[in-house]
Amino acid sequence: MTSVLNVDTIADKAGTGPVGLTKQSAAKAWFNFTGIGTAALVDSLNFASLTDNGTGSFNLSYTLNMSNSTYSFSNGAGWDVGVTNSTTSGTDKDFITTSSLRVLHVNMADAAYDPDLSMGSIDGDLA
């Protein structure tokens, strides 16, 4: 027999908030920000703030902390059509903490730059 589950909202046990994702294989945080001009989060999940540390360096603070600093982080960058800017992005292992993540952007000449678009996803366990 086939079953169908149709719902509009899944809430926590108290019915007052979303269901917490702990100990599950789902992204615990993701971000989309621009580093041009005044750096700003465009959209995100589980990030409270973005800090511009200077050209090519951005700190993202979690709303809900991760349980340890060995979580997985993937990141990519984009730029406006017509702009040639081969790039790389990532972080130093010392910049991955349970409460924040620093994202670094450099071009192929190893010069720091501010990306038009930076996107990333974090997988691991919440604290």
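Only a predicted model underlies this, so the values are computations on that prediction, with no experimental measurement involved.

1. Here we look at the environment of Ser 69
Part 1: Within the secondary structure layout, Ser 69 lies in the loop between strand E4 (57–62) and strand E5 (72–78).
Part 2: The partly exposed category is assigned to Ser 69, whose relative accessible area is 38%.
Part 3: Other than its neighbours up to four places away in sequence, Ser 69 contacts Ile 96, Thr 97 and Thr 98.

2. Thoughts on the side chain of Asn 46
Part 1: Along the chain, Asn 46 turns up in the loop between strand E2 (40–45) and strand E3 (47–54).
Part 2: A polar contact is formed between the side chain of Asn 46 and the backbone nitrogen of Leu 64, at a distance of 2.6 Å.
Part 3: In contact with Asn 46, not counting residues within four places along its chain, are Lys 28, Ala 29, Ser 61, Tyr 62, Thr 63, Leu 64 and Leu 126.

3. With respect to the environment of Ser 100
Part 1: Looking at the secondary structure, you find Ser 100 in strand E7 (residues 100–107).
Part 2: Ser 100 sits 53 residues away from Phe 47 along the chain, and the two C-alpha atoms are 8.7 Å apart.
Part 3: In this view, Ser 100 contacts Asn 59, Leu 60, Ser 61, Tyr 62, Tyr 71 and Phe 95; residues no more than four positions away in its chain are not counted.

4. A short note on the nonpolar core
Part 1: Among the nonpolar cores identified, the biggest contains 17 residues, and Phe 31, Phe 47, Leu 60, Tyr 62, Tyr 71, Leu 101 and Ile 122 are the most heavily contacted of them.
Part 2: Contributions of two or more residues to this core are made by strand E1 (29–34), E3, E4 and E7.

5. Re a nonpolar patch on the surface
Part 1: Side chains of Leu 5, Val 7, Ile 10 and Val 19 sit close together on the surface and give an oily, nonpolar patch of about 420 Å² of accessible area.
Part 2: Considering the arrangement of structural elements, one finds Val 7 in the segment before E1.

6. What to know about the packing of aromatic side chains
Part 1: Summed over the entire model, instances satisfying the criterion amount to five aromatic pairs.
Part 2: Between Phe 33 and Phe 58 the ring centres are 4.9 Å apart and the planes differ by 50°, which places this aromatic pair in the tilted class. Taken together, the residues Phe 33 in strand E1 and Phe 58 in strand E4 connect sequence positions 25 residues apart.
Part 3: Assessed through its relative accessible area of 0%, Phe 33 is described here as buried.
Part 4: Classification of Phe 58 by relative accessible area gives buried; the value is 0%.
Part 5: When the ring of Tyr 62 is compared with that of Tyr 71, the centres are 5.9 Å apart and the planes differ by 85°; the resulting orientation is edge-to-face. Taken as a pair, Tyr 62 and Tyr 71 share a single burial class, namely buried.
Part 6: Through successive ring pairs, a cluster of aromatic residues spans Phe 31, Phe 33, Phe 47, Phe 58, Tyr 62 and Tyr 71.
Part 7: Lying over the aromatic face of Phe 95, Arg 102 brings its terminal NZ or CZ to 4.3 Å of the ring centre.

Here is what the cut-offs are and how they apply
Residues numbered from 1 in each chain as written. Predicted model: local features only at pLDDT ≥ 70, side-chain atom pairs only at ≥ 80, totals over all residues. Heavy atoms only, no water. Helix = DSSP H or I, 4+ residues; strand = E, 2+ residues; numbered from the N terminus. Buried < 20%, exposed > 50% of the residue type's maximum accessible area, 1.4 Å probe, protein only. Contact = heavy atoms within 4.5 Å. Polar contact = N/O pair within 3.5 Å; in protein donor to acceptor, adjacent residues only side chain to side chain. Core = buried A, V, L, I, M, F, W, Y, C linked by side-chain atoms within 4.5 Å. Patch = residues over 30% accessible without salt bridge, like charges linked within 9 Å, V, L, I, M, F, W, Y side chains within 5 Å. Areas by Shrake-Rupley, 256 points an atom, 1.4 Å probe, with all protein chains shown as cover. Salt bridge = Lys/Arg side-chain N within 4 Å of Asp/Glu carboxyl O. Phe/Tyr/Trp six-rings, centres within 6.5 Å; stacked < 30°, edge-to-face > 60°. Lys NZ or Arg CZ within 6 Å of the ring centre and 35° of its normal.

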